[in-house]
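# Close look at the chain arrangement
If you want the building blocks of each chain, they are given just below.
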Amino acid sequence: MLDDYRRDFEAFHTSNAREHYLFHSGQKNCLEIAPIYERYGHLFDRDSIDRLTRELESSERSETENVTINRLLAFAVEQFLESSVKELTEQIGQFEATATVEFMGRDMTFQDSAVAIITEGNRESRKAIYGRRLALIDAANDLRTQRIVKLHETACSLGYSSYAELFQRLRRLDYKEIARQCDALLSRTEPVYVARLDDALRRDLGLSIDEAERSDAMYLLHLTSFDDSFPPREMLRVYSETMAGLGITVGSQRNIVIDSEARPRKNPRAFCMPITIPDDVRLVIRPVGGQSDYQSLLHESGHAQHFGWASAQLPPEFKYTGDYALTETYAFLFNHLVSDSNWLRDFLGLADSAEFVRSVMLARLVTVRRYVAKLSYERRLHSGGELTGHAQLYAELQTASTLFRTEAAEFLFDLDDSFYSASYLRAWAFEVLLREYLKTRFGSRWWASSHAGVFLKEIWETGDRYTADEMAAQIGIGTIDFDPLADEFNSALK
Ligand SMILES: [Zn+2]
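The subject of this paragraph is the overall build of the protein. Of regular secondary structure, the protein possesses 21 helices and five strands. A compact globule built from 494 residues would reach a C-alpha radius of gyration of about 23 Å, and the protein, at 22 Å, matches this within 12%. Seen through its C-alpha atoms, the protein measures out along the principal axes to roughly 65 × 55 × 45 Å.

Shown next as structure tokens:
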């Protein structure tokens, strides 16, 4: 059974990823995944879930075999959940794809309205666009509510007490413990956060903390004033020279194809799509420049190198499924080069980056605190019971954690499935530990050491075989602890 399952699972992944790549890179006008789900539906129907569950229970197996089956079961269950809401997901997607935001006689797409808020220096205009965007989000909240209710029902139909319990068991993670550590990070970084946020709001936006709202955060985080130091035409050079320092020649990596072609419908944000691991990985960019564009290219290049160096010999369950925190750790490792003043000097010629680094670290802390509030909210949202009151809870937790007044309307919009928030949080914590390890072993300019490159290639070769915690233990870092992440913010922002 398992061999056939593996073969079809890999084929499903490849078809699905190729379709997403073509659509998001602007080479296809519509996303046609329904036929793929139909063709491979047997991989995640009730029957397959039951068979995999029985396989898992019929012990007599080695620990590795159990890990294998658990991976396939986690995939089947997650797709079973997604499949149960696919019509609603499509309806919400369709609504967002066709919605327009009208502002000052100009119609913009729903996606473009987010870009407009991020880059709009005039506060009144920013608030007005944001208000219209929220009204559109609100208009589809009935659909989103139906979708969440259905996901919860489907989780219970599989015998779990709640959606939260389902993911805790399949991922073998304790979200309560992760949330406890994250709450400690909130309180430990609180004094420095309040002080530096107050400085930045007064200096850059002429606002006090009491006045600041979510749309101000979106604008502040973009750090527009530094855009000139990050020109679009240098992006690919910076990527290629950074990797060259590690002994990786991107020009000769046939399996990681950079798609930088301009197409009108191409997604403005960089993304990485592993179509077949490790043979066909796409790194898609549409360079517009600015520090956030650099950060997203570097982030996605971390994913691309991880997938591109994975061993071809790994079974598909160790290439295409696993602990998302692991690949996110590698992505953040490159992403965070923008807060390394040596790297900024060497690759972008920034002689004095102190002010930029502090701004970037504050923006990162806003994001981390936002995700801590997200996890705390998701744990309650997905623990069973009625959805009433959760919109208010979302707004309260976000406002308390970020100090930017947040409206309730985004309570089901600002939400990813399957507790992805916890994966990001664990990755932020692990990345600091991994980076410190690289510095100790290969020097503070670890990114200019071919020995560091050899080490990274060795760990990337194991693909998604290990969870983030297992990888940390294997490297000798120990357990993933959130204190060094809090310490890093406290020392960067003191
Ligand atoms: Zn990522």
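Moving on from the model shown.
One open sheet accounts for three strands, arranged β3-β5-β4; its pairing is mixed. The strands lining the two open edges of the sheet, one partner per strand, are β3 (256-259) and β4 (271-276). Averaged over all pairs of adjacent strands, the angle between strand axes in this sheet comes to 20°, irrespective of strand direction. Along the sheet, helix α1 (residues 2-24) contacts β4 and β5 (280-284); its crossing angle with β4, the most-contacted strand, is approximately 145°. Lying over the sheet, helix α13 (residues 291-309) contacts β3, β4 and β5, oriented at roughly 170° with respect to β5.

This paragraph deals with the nonpolar core. One broad trend across soluble globular proteins is that nonpolar side chains are buried collectively. Formed by 121 residues in total, the largest nonpolar core has its most connected members in A76 and L425. Broken down by element, this core gets its largest block of residues, 12 residues, from helix α16 (residues 354-381). Taken domain by domain, this core gets at least three of its residues from each of domain 1 (1-84) and domain 2 (174-494). Excluding its chain neighbours within four sequence positions, the residues that come into contact with A76 are L43, F44, S48, I49 and L52.

Position of L43 relative to the elements: it lies in the loop between α2 (34-39) and α3 (46-57). Each C-alpha atom of the pair L43 and P231 lies 46 Å from the other, and the pair is 188 residues apart in sequence. With near-sequence residues (within four places) excluded, L43 lies in contact with Y5, D8, F9, F12, S48, A76 and Q79.

Moving on, we get to the packing of helix α10 (residues 175-205) against α16. Taken N-terminus to C-terminus, the directions of α10 and α16 make an angle of 145°; their axes are 9 Å apart at the nearest point. Crossing handedness for the pair α10 and α16: left-handed. On α16, the residues touching Y175, I178, A179, C182, L185, L186, T189, Y193, R196, L197 and A200 of α10 are L362, L365, R369, V372, L375, S376 and R379. Its residues assigned to classes, the contact of α10 with α16 comprises 13 nonpolar, two polar and three charged.

A separate point is unusual backbone geometry. The omega torsion of the bond from I277 to P278 falls at 5°, within 30 degrees of zero and hence cis. Mapped onto the fold, P278 is located in the loop between β4 and β5. A positive phi angle, near 50°, is found at M104, a position not held by glycine. Relative to the assigned elements, M104 resides in the loop between β1 (100-103) and β2 (106-109). Phi is positive for F419, which is not a glycine, with a value near 55°. Residue position: F419 is located in the loop between α17 (390-402) and α18 (420-442).

The domain architecture assigned to the protein consists of domain 1 (1-84) and domain 2 (174-494). Here the C-alpha centre of domain 2 lies 27 Å away from the C-alpha centre of domain 1. Taken together, the elements giving at least two residues each to the side of domain 1 that touches domain 2 come down to α1 and α4 (63-84). With 10 residues, the single largest contributor to the side of domain 1 that touches domain 2 is α1. Its residues assigned to classes, the side of domain 1 that touches domain 2 comprises six nonpolar, eight polar and five charged.

In contact at an axis separation of 8 Å, α18 and helix α21 (residues 483-492) are set at 75° when each is read in the N-to-C sense. When the axis of α18 is compared with that of α21, the two are roughly perpendicular. Across from W428, A429, V432, L433 and E436 in α18, the residues of α21 making contact are P484, L485 and E488. A per-class count over the contact of α18 with α21 returns six nonpolar, no polar and two charged.

So, on to the environment of L22. Following the sequence through the fold, L22 ends up in helix α1. Judged by the 17 C-beta atoms lying within 10 Å of it, L22 is partly exposed. Residues L22 and K266, 244 residues apart in the sequence, show an inter-C-alpha distance of 9.3 Å. Setting aside residues up to four positions removed in sequence, L22 forms contacts with Q27 and K28.

Basis of the calculations
Residues numbered from 1 in each chain as written. Predicted model: local features only at pLDDT ≥ 70, side-chain atom pairs only at ≥ 80, totals over all residues. Helix = DSSP H or I, 4+ residues; strand = E, 2+ residues; numbered from the N terminus. Rg over C-alpha atoms; globule rule 2.2 N^0.38 Å. Pairing = 2+ DSSP bridges. Axes fitted to C-alpha atoms, helices over the stretch in contact; angles between N-to-C directions. Contact = placed C-beta atoms within 7 Å. Core = buried A, V, L, I, M, F, W, Y, C linked by C-beta atoms within 7 Å. Buried ≥ 20, exposed ≤ 12 C-beta atoms within 10 Å, placed from the backbone. Domains from an automatic or database assignment. Left-handed = near helix turned anticlockwise from the far one by under 90°. Nonpolar A, V, L, I, M, F, W, Y, C, P; charged D, E, K, R; others polar. Parallel < 35°, antiparallel > 145°, perpendicular 65-115°, else oblique.

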